[in-house]
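Chain and residue survey
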Amino acid sequence: MEVRVDERSGAQTFMVHKRLSIVAPGKSGDQPLYTDASRKTTFIANGEIYNHAELREKYGIVSENKSDCQVIGHLYEQHGPGFVSELDGMFAFVIEDRENDVIVAARDHMGKIPMYMANGKDGSVWFSSEMKTLHDDPGVASYEIFPPGHVYVKKGDEPATIERWFNPQWIAEESYVPTTPADLPALRECVVDAVTKRLMADVPYAVLLSGGLDSSLITSIAVRQRKLAKNTYGADEPVHSFSIGIKGAPDLVAARKVAEQLGTIHHEVHFTPEEALDALPDVIWHLETFEQVRASVPMYLLSRHIKSLGFKMVLSGEGADELFGGYLYFHKAPNPTEFHAECRRKTMRLHQWDVLRANKSTMSWGIEVRTPLLSQQVIDMAMNMRPEDKMIDVNKKDADGHPFLEKYILRKAFDTPEDPYLPQEVLWRQKEQFSDGVGYDWVDGLAAHAELEVSDEMFAKRAERFPLHPPTTKEYYLLRSIFEEHFVTGFENGDCAYATCPFGKSIACSTPEAVSWDPEWEKSVGDISGRAVKNVHVAADKFDVKKEKANETVAASLVGVQRRGVTVKPRARKGVVQQRVRGHVRFAGLRAAPISRVLLL
């Protein structure tokens, strides 16, 4: 931590940073960072700048500090706040320009790196990587999510501004529908380049391999490109891959097959529904939301194992389902225009969903996750591709006999029989959501556990317990109860915690808007499992989502639990949630004006 006192005004600046060193480990990369010995430009940052070497050369940046984040301060001095668009990476940072009395803060295009901002009761402004540094501080008046793709500027006593720096046409114009045909070779090259860039590391790293299309492609490309990547650790060593699931889970079988073909050193981690349930309070504490819990728990358990083996960074496949319409509910998209609109909605909200889950589940154990499919370059190509090429029609086949499945374009781009990236059965495997793929018994076991924890009497009074968007299932009653104990109940700013969370009915991870695609979905209570899409998912007949009755909402059926005989023990310490330590706070930034300034990242 660094503390500075302005001799003229008496204002104090606090900069706090906990580093996870991936690039240029060692003392020189410790933060705060400075552009020179005068420390007039001081900054803290979280994330990775993949094009830092190119930026050093392009702008003549000379610094003994080889940290990729070092370029941030120098670019600011040369170009002012507008430099942010030059960065290719994932980041959240705060700069204090001490000479000109300016504060600049920014977040990457998709919000891959978490960032919150708060207003202090004394007129201060705070920035932090985690909500838990703000929610119980008596000096904070309110807090909120710092929006992805935005930059904040505060000059002296002038009003602060916050503007979007990442503003492509597909974001800026809601009515925009692209007309550019899919270019398969260009898409393949773009994805390969994105993965290669993200192999930049000076520490051991691995890949998360679920056996699904996206993670399998990332793994395949990593194996091929490791020797060609710039500044990568262990270029001549085999890639390590990790998968997790309940024994016999679909993902484990598929991941094993991919790993065998690619020659990775594969690690298979097993868990039980009981172990997953025991982790619920910890996972929600680290997630800082009650959404994405089903997928976060296995990712959290897997990250613990990965960390124990000494790895500090992993590659993961998030993003393709949003960009290419990969979720099974996209089968019901009524037309190309609505298909694109839903891709846009899903992609713009990723910072509250899969991106949040991927970052916080891994970082809870001090592991950095990188998501190549959400590079600016891949996003720009995918979101400017005509939606007609993404539409799903399993009754129609291409010249090679492949059906137009979900993410057909991505599959076809990597369907190179002369030099195959993946086995055909994996490349053309139906989409399986991570929370389902690790084993249906986990999802169904969570529902069974909620039945034990939440009585019918409690659920009947849910509107009194949760007046803001009452939960539609006992599962969400339970998850929100844990979330409230962590961040809402007894805290002055509990309403702020809820404001950071998304609400609304979902079918198979759809947005609330897409529920209108099917009248039966609108009548149901909703469920995020892919099995909720009838006549599409191969196991949909074993999963039942009950209808929503007038003035009454019912819980999802436990058909799957009952048929497979899953038993779940109630938690030994029912209703007790312990306060968790603030283990991996990465950056926090607070500027408390007029008498103090604090920047925490």
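Residues numbered from 1 in each chain as written. Predicted model: local features only at pLDDT ≥ 70, side-chain atom pairs only at ≥ 80, totals over all residues. Heavy atoms only, no water.

Within a beta sheet, neighbouring strands are joined by backbone hydrogen bonds and run either parallel or antiparallel to one another. The sheet built from six strands is open, its strands ordered S3-S4-S5-S6-S10-S11 with antiparallel pairing. Strands at the two margins of the open sheet, each flanked by one partner only, are strand S3 (33-34) and strand S11 (161-164). Pairing between strand S4 (residues 41-49) and strand S5 (residues 89-97): nine bridges, direction antiparallel. In the strand pairing of S5, threonine 42 is matched with glutamate 96. (Pairing = 2+ DSSP bridges. Helix = DSSP H or I, 4+ residues; strand = E, 2+ residues; numbered from the N terminus.)

In this structure, Ile72, Phe93, Phe127 and Phe414 are the most contacted members of the largest nonpolar core, which totals 112 residues. When residues of this core are sorted by domain, at least three fall in each of domain 1 (2-167) and domain 2 (171-453 + 504-532). Leaving out residues up to four positions away in the same chain, phenylalanine 414 has contacts with Arg188, Val191, Val192, Leu217, Ile221, Tyr421 and Leu427. Judged by nonpolar contacts, the second largest core, of 56 residues, contains Val269, Val297, Ile482 and Cys496. (Core = buried A, V, L, I, M, F, W, Y, C linked by side-chain atoms within 4.5 Å. Buried < 20%, exposed > 50% of the residue type's maximum accessible area, 1.4 Å probe, protein only. Domains from an automatic or database assignment. Contact = heavy atoms within 4.5 Å.)

Before going further, it helps to spend a moment on the layout of surface pockets. Taken as a whole, the largest pocket holds about 370 Å³ of empty space. Around the largest pocket, the lining is made up of 21 residues, and of these Thr472, Tyr476, Gly504, Lys505 and Val525 lie nearest the centre. In terms of residue count, helix H20 (residues 474-487) provides more of the lining of the largest pocket than any other element does, three residues in total. In terms of residue class, the lining of the largest pocket is made up of nine nonpolar, six polar and six charged. In this structure, the lining of the largest pocket is formed jointly by two domains, domain 2 (171-453 + 504-532) and domain 3 (454-501), each of which donates at least three residues. (1 Å grid on protein atoms, 1.4 Å probe; cavity = no way out; pocket = protein on both sides within 12 Å on 5 of 7 lines; lining within 4 Å. Points joined across faces, edges and corners; volume = space filled by probe spheres on them. Nonpolar A, V, L, I, M, F, W, Y, C, P; charged D, E, K, R; others polar.)

Let us look at the pattern of salt bridges. Using the criterion set out here, one finds 35 salt bridges in the structure. The salt bridge involving glutamate 475 is made with arginine 294; its shortest N-O contact spans 2.8 Å. You can see glutamate 475 sitting in helix H20 and its partner arginine 294 sitting in helix H9 (residues 293-308), a full 181 residues away along the chain. Exposure remark for glutamate 475: the relative accessible area of 7% places this residue in the buried category. The buried category is assigned to arginine 294, whose relative accessible area is 4%. Among the charged side chains, a network of salt bridges with common partners joins Asp88, Asp193, Lys197 and Arg198. (Salt bridge = Lys/Arg side-chain N within 4 Å of Asp/Glu carboxyl O.)

Tracing the sequence through the fold places glutamine 292 in the loop between helix H8 (280-287) and H9. Sequence separation of glutamine 292 and cysteine 509 is 217 residues, and the distance between their C-alpha atoms is 9.5 Å. Excluding residues within four positions of it along the chain, glutamine 292 makes contact with Leu287, Trp353, Asp354 and Arg357. Separated by 3.1 Å, the side chains of glutamine 292 and arginine 357 make a polar contact. (Polar contact = N/O pair within 3.5 Å; in protein donor to acceptor, adjacent residues only side chain to side chain.)

On to the pairing of S4. Extensive coverage of S4 is indicated by the burial of nine of its nine residues. Here two bridges tie S3 to S4, and the two strands are oriented antiparallel to one another. Pairing of leucine 33 across the sheet is with phenylalanine 43, part of S4.

As a further point, take the packing of helix H1 (residues 52-59) against helix H2 (residues 70-79). Following both chains from N to C, one finds H1 and H2 inclined at 35°, their axes separated by 10 Å at the closest point. The handedness of the crossing between H1 and H2 comes out as left-handed. Contacts between H1 and H2 involve His52, Leu55, Arg56 and Tyr59 from the former and Gln70, Val71, Leu75, Gln78 and His79 from the latter. (Axes fitted to C-alpha atoms, helices over the stretch in contact; angles between N-to-C directions. Left-handed = near helix turned anticlockwise from the far one by under 90°.)

The analysis is restricted to geometry; functional conclusions fall outside its scope.
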